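Survey of secondary and tertiary structure
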Amino acid sequence: MNRLRHNKRVLIAGLGLVVASPGLADYEIRVGAARNDNIGRTSDMEQTETIGFAGLFVDYEHESRRVDARIFGDIEYRHYRDDTFDNEVVGDFGANLEFGFIPDVISWMIEERFGDVQTDPFQAVTPENRETLNVFTTGPNLRIGMGSTTALLASARYTDRNYEKSNVDSEIIGYQLGITRALSANRNLTLFASSDEIKYDDQLANTDYTQESIYLSFDSKMSRGSLTISAGYNEVDQDGFVTDGPLYDIQFLRELSASSTLDLGLSQRFSDGGGQFAQNQDIAVGSGITISSVVSADPFELQTAYAKWRFERRSNEFEVSYTFSDEDYVSNSAQDRKRQLIRVGAGRTFGGSWIVDAYGYYEESEFGQIEPVRMDEDTTWGLGLSKQFTRA
């Protein structure tokens, strides 16, 4: 394990050398305050709290013929005015690199993710109920052309997950095969088959399992939007006990006008705590919201739905979004959970790069397998000031 960690440091150091080359970097510095009406996420004796915050977001991208790289970081200091919790620093970081040995044919990817996860799903997300997760992934990609419109796709992945406190560290070996056909310049149809084998370091406390899927994916780029539809089958084999179900993923993005966009999504597939961590990190980083992932060695069927409408004209912007998720665990049904998040935000830009924004969101979690049914809910309102700038 020490040797593996050393190799990871060498790989990430190599990625740092890429960052030293020309690229595009976005920065945002922000300060503000928020008021939460149930900071402890309790069903009774609710306690309000005012949180002051100061944060920094960095997003660097480099793209060339052989190298695609990205590094992002989102760090925030939180001060709890009423001392409900100790002041804290939270953050999410990620880095990924893809190097093309033969551009558009053979490449190798490296990815590192680091962030906070929720240790106990039945308690509020507090400094005492939070730990860090480090996810390292690497592997090759292969694309073989079969004529002008068809290509064979293949990839392999090795993933190492390390938790700060919980005893659920694991390694994953995954493979994916696909065949894709270009229906037109902007439309593609692809058939994928994948298999992932998850092995835990402590096999006495946790059960290894295999996750497999096969699905057909269609994607289309339009003049004012895009559409992706995937549908198929997936299953989890946990010590001979097989759980299966349909797999689907629908994503639709549309420019309704020159000032407004609509973003819709609906999906269902098997996942786990580490996989959900990466998905939530992609959504939350740089957005000013927090989406907690839960520590668990048990896979679950995850259903998600989201809708977001955004209006932006001149110096004004307004956004409203709704997110729903339903986690149905394979073995530990006590962790089954439904979550809803409604968010509204408005902002105004002045001086070219200063932004004043006001926001509010309502979050609800329901644990349906607990008697009596437990529901946690809270509402947060906040006001922030941020400065954005870009370096090429």
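Residues numbered from 1 in each chain as written. Predicted model: local features only at pLDDT ≥ 70, side-chain atom pairs only at ≥ 80, totals over all residues. Heavy atoms only, no water.

Some points on the overall build of the protein chain
We count it as follows: Starting at the N terminus, helices and strands are each numbered in turn, a helix being any DSSP run of H or I of at least four residues and a strand any DSSP run of E of at least two. Radius of gyration: C-alpha atoms only; globule rule: 2.2 Å multiplied by the number of residues to the exponent 0.38. Each residue gets one of three labels from its accessible area relative to the maximum for its type: buried under 20%, exposed over 50%, partly exposed in between, using a 1.4 Å probe on protein chains only. Should any heavy atoms of two residues lie within 4.5 Å, those residues are considered in contact. Areas reported as accessible are Shrake-Rupley estimates using a 1.4 Å probe. Residue values count occlusion only from the protein chains shown. The charge count treats Lys and Arg as positive and Asp and Glu as negative. His and the chain ends do not count. Where a charge lies is defined by one atom per residue type: Lys uses NZ, Arg uses CZ, Asp uses CG and Glu uses CD.
Scanning the protein chain for helices and strands turns up 2 helices and 18 strands. Here the C-alpha atoms of the protein chain give a radius of gyration of 22 Å, agreeing with the 21 Å that 2.2 N^0.38 yields for 392 residues. The proportion of buried residues among the 392 residues of the protein chain is 41%. The long-range share in the protein chain, meaning contacts at least 24 apart out of those at least 6 apart in sequence, stands at 55%. Of the roughly 20,400 Å² of accessible surface on the protein chain, a fraction of 56% belongs to carbon and sulfur atoms. Distance from the positive charge centre (37 side chains) to the negative charge centre (62 side chains) of the protein chain: 9 Å.

Notes on the nonpolar core
Nonpolar side chains in soluble globular proteins generally cluster together in the buried interior. Put simply, the rule is: Nonpolar core, defined: a set of buried Ala, Val, Leu, Ile, Met, Phe, Trp, Tyr and Cys residues in which side-chain atoms within 4.5 Å join the residues together.
Residues Val-117, Leu-133, Tyr-163, Val-168 and Tyr-200 are the most contacted members of the largest nonpolar core, which totals 15 residues. Where this core is concerned, the elements lending two or more residues are strand E6 (130–145) and strand E9 (187–200). The contacts of Leu-133, once residues within four sequence positions are left out, are Arg-113, Phe-114, Gly-115, Val-117, Arg-161, Asn-162, Tyr-163, Gly-274 and Phe-277.

As for the packing of aromatic side chains
The geometry of an aromatic ring pair is captured by two quantities: the separation of the ring centres and the angle between the planes. Stated formally: Stacked, tilted and edge-to-face pairs are distinguished by plane angle, under 30 degrees for stacked and over 60 for edge-to-face with tilted covering the rest, among Phe, Tyr and Trp rings (Trp via its six-membered ring) whose centres lie within 6.5 Å.
Applying the stated rule across the entire model yields 9 aromatic pairs. Between Tyr-27 and Phe-389 the ring centres are 5.2 Å apart and the planes differ by 15°, which places this aromatic pair in the stacked class. With Tyr-27 in strand E1 (residues 24–36) and Phe-389 in strand E18 (residues 374–391), this pair connects stretches of sequence that are 362 residues apart. What makes Phe-389 partly exposed here is its relative accessible area of 37%. With 6.3 Å between their ring centres and 10° between their planes, Tyr-359 and Tyr-361 make a pair best called stacked.

Thoughts on the pairing of strand E3 (residues 67–80)
Definition in use: Paired strands, as defined in this entry, are two strands with at least two bridges between them according to DSSP.
Two elements, strand E2 (residues 49–63) and E3, share 13 bridges in a ladder whose sense is antiparallel. Counted as the bridge partner of Leu-56 is Ile-75 from E3. Taking the residues between adjacent antiparallel strands as the criterion, E2 and E3 are bridged by 3 residues. Of the pairings in the sheet, the one linking E3 to strand E4 (residues 88–102) comprises 12 bridges and is antiparallel in character. Considered in E4, the bridge of Ile-75 is made with Gly-91.

Some remarks on empty space enclosed by the protein
Stated precisely, the cut-off is as follows: Of the two site types, the cavity is a set of points on a 1 Å grid over the protein atoms alone where a 1.4 Å probe fits but cannot get out, and the pocket is an open set with protein on both sides within 12 Å along at least five of seven lines, each lined by residues with an atom within 4 Å of a point. Grid points are joined across faces, edges and corners, and a volume is the space filled by probe spheres set on the points. Note on residue categories: nonpolar means Ala, Val, Leu, Ile, Met, Phe, Trp, Tyr, Cys or Pro, charged means Asp, Glu, Lys or Arg, and polar means any other residue, Gly included.
For the coordinates displayed, the defined rule picks out 1 cavity of 30 Å³ or more. Of the pockets and cavities examined, the largest cavity occupies roughly 40 Å³. Taken together, the elements giving at least two residues each to the lining of the largest cavity come down to strand E7 (150–163) and E9. Here the residues of the lining of the largest cavity sort into 5 nonpolar, 2 polar and 2 charged.

Things to note about unusual backbone geometry
Despite not being glycine, Asp-83 has its phi angle at roughly 60°, a positive value. Tracing the sequence through the fold places Asp-83 in the loop between E3 and E4. For Arg-314, which is not glycine, the phi dihedral falls at a positive 50°. With respect to the secondary-structure elements, Arg-314 resides in the loop between strand E14 (300–313) and strand E15 (316–329). Given a relative accessible area of 79%, Arg-314 falls into the exposed group.

Concerning the pairing of E18
Here E1 pairs with E18 via 12 bridges, running antiparallel. Within E18, the residue paired with Ala-34 across the bridge is Gly-382. Sheet topology note: the strand E17 (residues 354–367)/E18 ladder contains 14 bridges and is antiparallel. Pairing of Tyr-359 across the sheet is with Gly-382, part of E18.

Describing the environment of Gly-352
Considering the arrangement of structural elements, one finds Gly-352 in the loop between strand E16 (337–350) and E17. Among the residues examined, Gly-352 registers a relative accessible area of 67% and is labelled exposed. The spatial distance from the C-alpha of Gly-352 to the C-alpha of Lys-387 is 9.4 Å, given a sequence separation of 35 residues.

A closer look at the layout of surface pockets
Taken as a whole, the second largest pocket encloses approximately 490 Å³ of empty space. Taken together, 23 residues form the lining of the second largest pocket, with Glu-98, Asp-104, Val-105, Ser-107 and Asn-141 sitting closest to its centre. Looking at the lining of the second largest pocket, the elements that each hand over two or more residues are E3, E4, strand E5 (106–118), E6, E7 and strand E8 (170–184). When its residues are assigned to classes, the lining of the second largest pocket shows 9 nonpolar, 7 polar and 7 charged.

Remarks on the pattern of salt bridges
Stated formally: The salt bridge criterion pairs a side-chain nitrogen of Lys or Arg with a carboxyl oxygen of Asp or Glu, the two atoms within 4 Å.
In the structure shown here, the tally under the stated rule is 16 salt bridges. Among the ionic pairs, Arg-130 bridges to Glu-88, the shortest N-O distance being 2.3 Å. Within this pair, whereas Arg-130 is found in strand E6, its partner Glu-88 is found in strand E4, the two being separated by 42 residues in sequence. The same class applies to Arg-130 and to Glu-88, which are both buried. Where Glu-317 meets Arg-310, a salt bridge forms, and the shortest distance between an N and an O atom there is 3.2 Å. Residue Glu-317 is classed as partly exposed on the basis of its relative accessible area of 22%. Among the charged side chains, a salt-bridge network with shared partners connects Glu-28, Arg-30, Asp-74, Glu-76 and Arg-78.

Quick notes on the environment of Gly-360
Its location among the elements puts Gly-360 in strand E17. Taking the C-alpha atoms as reference points, Gly-360 and Gly-382, separated by 22 residues in sequence, lie 6.2 Å from one another. Here Gly-360 is in contact with Ile-342, Arg-343, Val-344, Thr-380 and Trp-381, once residues within four sequence places are set aside.

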